[in-house]
Amino acid sequence: MVSDNFLGNYASVVAARSTDKSILKGAQDGGIVTQLFAYALEEGIIDGAIVAGPGDEPWKPVPVVATTVEELLAARGTKYNISPNMQLIKEATRSYGLDKVGIVGTPCQIQALRKGQLYPVGLRDVPDKIALAVGIFCMENFPYQSIVQLVEDHANTKLENVTKMDIGKGKFWVYTGRGASVQLPLKITHKYEQAGCHVCLDYVSNLADVSTGSVGTPDGWSTVFVRTKNGGDIWAKAIAAGCFETKPMDSVKPGLDLVTKLATEKITKNQKTLAERATFGVGKGLRNPYI
Ligand SMILES: Cc1cc2nc3c(=O)[nH]c(=O)nc-3n(C[C@H](O)[C@H](O)[C@H](O)COP(=O)(O)OP(=O)(O)OC[C@H]3O[C@@H](n4cnc5c(N)ncnc54)[C@H](O)[C@@H]3O)c2cc1C
Ligand code: SF4
């Protein structure tokens, strides 16, 4: 087990992508989240997964309990605004009747999940029913209105025409059909970020069973950290079943160094923000949730 100050505890890290072309088409990166849940669902390891499904407004996610592969496929792709997936954690074990719950979330959502398991205030029956927590990397998120401004005003593109959004290589990319794309420098997007993200000290979903993101691996591939025993068992079975193609992390570019660099930058910057909150007022500070 590696124990890293910025990347968390993990048993292994690899570059991977799904071997299923129908999952890869429409996935954000290597389709790790969708493939892992689809495999777990088919094998009865989970009986449903909470994912960020499509809603009525374009690119505004709505959390759903997916109990079929079709529903998992419909939730592929990153929506760069808040999807309160934890909202359904209790309901999944109630009206949906799930005994083995899967959930995907940003690092803060996986923290909420683990807190709920250890301190289950108002969450009776939930802690033992979490079967697979998949975390995604996250530098920052945006309120929905910010995405509207960025796409419609800055990128001059109608949200309903957008086929994919991505943050990478120092830019916010907005893709429409037929290969067209608009790129915004991140210095434009900063002021639109969700303020609460500026005290977040987790980049690679340190508390998940398995965590994944795009940084570190080539386009169409994902970086995957296998963290817990539960995550390791499911990952090994999925590999044995032929669900994923993998490569050693040190054989791909830009590799783990870039993941470490970005994790260090995020955490160091946000630790500074937290420290400033302590002396924010005259003789008074703002609350620090970590102490
Ligand atoms: C706000 C945000 C910021 C991110 N920042 C980074 C980053 O800095 N570096 C990096 O490497 N990766 C980042 N990612 C992760 C990356 O964009 C992909 O989500 C990840 O690599 C999974 O891709 P995939 O092909 O395996 O997933 P897919 O198979 O395409 O599935 C994606 C899954 O993520 C879920 N999802 C989509 N949007 C949200 C959301 N807003 N909240 C919760 N769940 C959601 C979907 O329901 C789906 O199940 C970020 C993701 C989000 C949501
Ligand atoms: S930056 Fe942190 S707080 Fe903001 S969405 Fe990502 S994980 Fe959550």
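Remember, predicted model here, so these are calculated numbers, not experimental data. (Residues numbered from 1 in each chain as written. Chains lettered and ligands numbered in written order. Predicted model: local features only at pLDDT ≥ 70, side-chain atom pairs only at ≥ 80, totals over all residues. Heavy atoms only, no water.)

**Focus on the pattern of salt bridges**
As a reminder, the rule being used: By salt bridge we mean one thing: a side-chain nitrogen of Lys or Arg within 4 Å of a carboxyl oxygen of Asp or Glu. Helix and strand labels come from DSSP, where a helix needs a run of H or I of at least four residues and a strand needs a run of E of at least two; each type is numbered from the N terminus. Summary of the burial criterion: residues with accessible area below 20% of their type's maximum are buried, those above 50% are exposed, and those between are partly exposed, where the area comes from a 1.4 Å probe applied to protein chains only.
The final tally for this structure, using the stated rule, is eight salt bridges. Arg17 is the partner of Glu245 in a salt bridge, and the nearest nitrogen-oxygen pair spans 3.0 Å. Taken together, the positions of Glu245 in strand 13 (residues 244-248) and Arg17 in strand 3 (residues 12-18) put the pair 228 residues apart, joining distant regions of the chain. Judged by relative accessible area, Glu245 falls into the partly exposed class, the value being 33%. The salt bridge involving Glu57 is made with Lys60; its shortest N-O contact spans 3.7 Å. Judged by its relative accessible area of 41%, Glu57 is partly exposed. Residue Lys60 is classed as partly exposed on the basis of its relative accessible area, which comes to 34%.

**Notes on the site of ligand 2**
The cut-off we apply is this: Near is defined per residue: the residue qualifies when any heavy atom it owns lies within 4 Å of the molecule or strand. Three residue categories are used. Nonpolar comprises Ala, Val, Leu, Ile, Met, Phe, Trp, Tyr, Cys and Pro, charged comprises Asp, Glu, Lys and Arg, and polar comprises the others, including Gly.
Near ligand 2 the following residues occur: Thr106, Pro107, Cys108, Cys138, Met139, Glu140, Asn141, Cys197, Cys200 and Lys266. Residue classes in the shell around ligand 2 are distributed as six nonpolar, two polar and two charged.

**Focus on the domain arrangement of the protein chain**
Quick reminder of the rule: Bear in mind that the domain bounds are from an automatic or database domain assignment. Contact definition: two residues touch when any of their heavy atoms are within 4.5 Å. In this description, buried area is defined as the sum, over both parts, of the accessible area (probe of 1.4 Å) that is lost when the two are combined.
The domain architecture assigned to the protein chain consists of domain 1 (2-138 + 196-278) and domain 2 (142-192). Of note, the centres of domain 1 and domain 2, computed from C-alpha atoms alone, are 23 Å apart. Taken together, the 10 residues of domain 1 in the interface contact 14 residues of domain 2. Of the roughly 1200 Å² buried where domain 1 meets domain 2, counting both sides, 55% is carbon and sulfur surface.

**Observations concerning the sheet that holds strand 9 (residues 171-176)**
As a reminder of what qualifies: Here, any two strands with at least 2 DSSP bridges between them count as paired. The convention used is that axes are lines fitted to C-alpha atoms, helices contributing only their stretch in contact, and that angles between N-to-C directions extend from 0 to 180 degrees.
A sheet is described by the order of its strands in space; here three strands give the open sequence 8-9-10, paired in antiparallel fashion. One side of each edge strand has no neighbouring strand; the edge strands of this open sheet are strand 8 (162-168) and strand 10 (181-185). Taking the axes of each pair of neighbouring strands and ignoring which way they run, one obtains an average angle of 15° across the sheet. Pairing analysis gives five bridges linking strand 9 to strand 10, with the strands arranged antiparallel. The residue of strand 10 that forms the bridge with Lys171 is Pro185. Sheet strands in contact with helix 6 (residues 144-154) are strand 8, strand 9 and strand 10, and its direction is about 70° off that of strand 9.

**Things to note about the environment of Val69**
With respect to the helices and strands, the residue Val69 is situated in helix 3 (residues 69-74). On the basis of relative accessible area, Val69 is assigned to the partly exposed category, the value being 23%. Separated by 169 residues in the primary sequence, Val69 and Ala238 have C-alpha atoms spaced 16 Å apart. Not counting the four nearest positions on each side in its chain, Val69 is found in contact with Ala38, Leu41 and Glu42.

**So, the site of ligand 1**
In plain terms, the rule: Distance and chemistry together define a polar contact, namely a pair of N or O atoms within 3.5 Å, with one atom able to donate a hydrogen and the other to accept it when in protein, and with adjacent residues in sequence counting only for side-chain atoms on both sides. The method behind every accessible area is Shrake-Rupley, applied with a 1.4 Å probe, and residues are considered shielded solely by the protein chains displayed.
Neighbouring ligand 1 are 31 residues; Asp29, Thr34, Ala52, Thr78 and Ser214 lie closest to it. Within the backbone of Gly77, a nitrogen or oxygen atom sits 2.9 Å from an oxygen atom of ligand 1. Contacts to ligand 1 include Ser214, whose backbone N or O atom sits 2.8 Å from an oxygen atom. Relative to its free-state accessible area of 920 Å², ligand 1 is covered by the protein chains to the extent of 98%. Elements that contribute at least two residues to the shell around ligand 1 include exactly helix 2 (32-42) and strand 4 (48-53). For the shell around ligand 1, the leading source of residues is helix 2, giving three residues.

**A short note on the nonpolar core**
The cut-off we apply is this: Definition used in this section: a nonpolar core is a set of buried Ala, Val, Leu, Ile, Met, Phe, Trp, Tyr and Cys residues joined via side-chain atoms within 4.5 Å.
Grouped together as the largest cluster of nonpolar side chains are 30 residues, with contacts concentrated most on Leu36, Phe37 and Trp235. Secondary-structure elements contributing two or more residues to this core are strand 3, helix 2, strand 4, strand 7 (130-136), strand 12 (222-226) and helix 8 (229-240). Broken down by element, this core gets its largest block of residues, eight residues, from helix 2. Setting aside its immediate chain neighbours within four residues, Phe37 contacts Ile46, Ala49, Val51, Leu72, Gly102, Ile103, Val104, Leu132 and Val134. Judged by nonpolar contacts, the second largest core, of 17 residues, contains Tyr80, Val151, Ala155 and Phe172.

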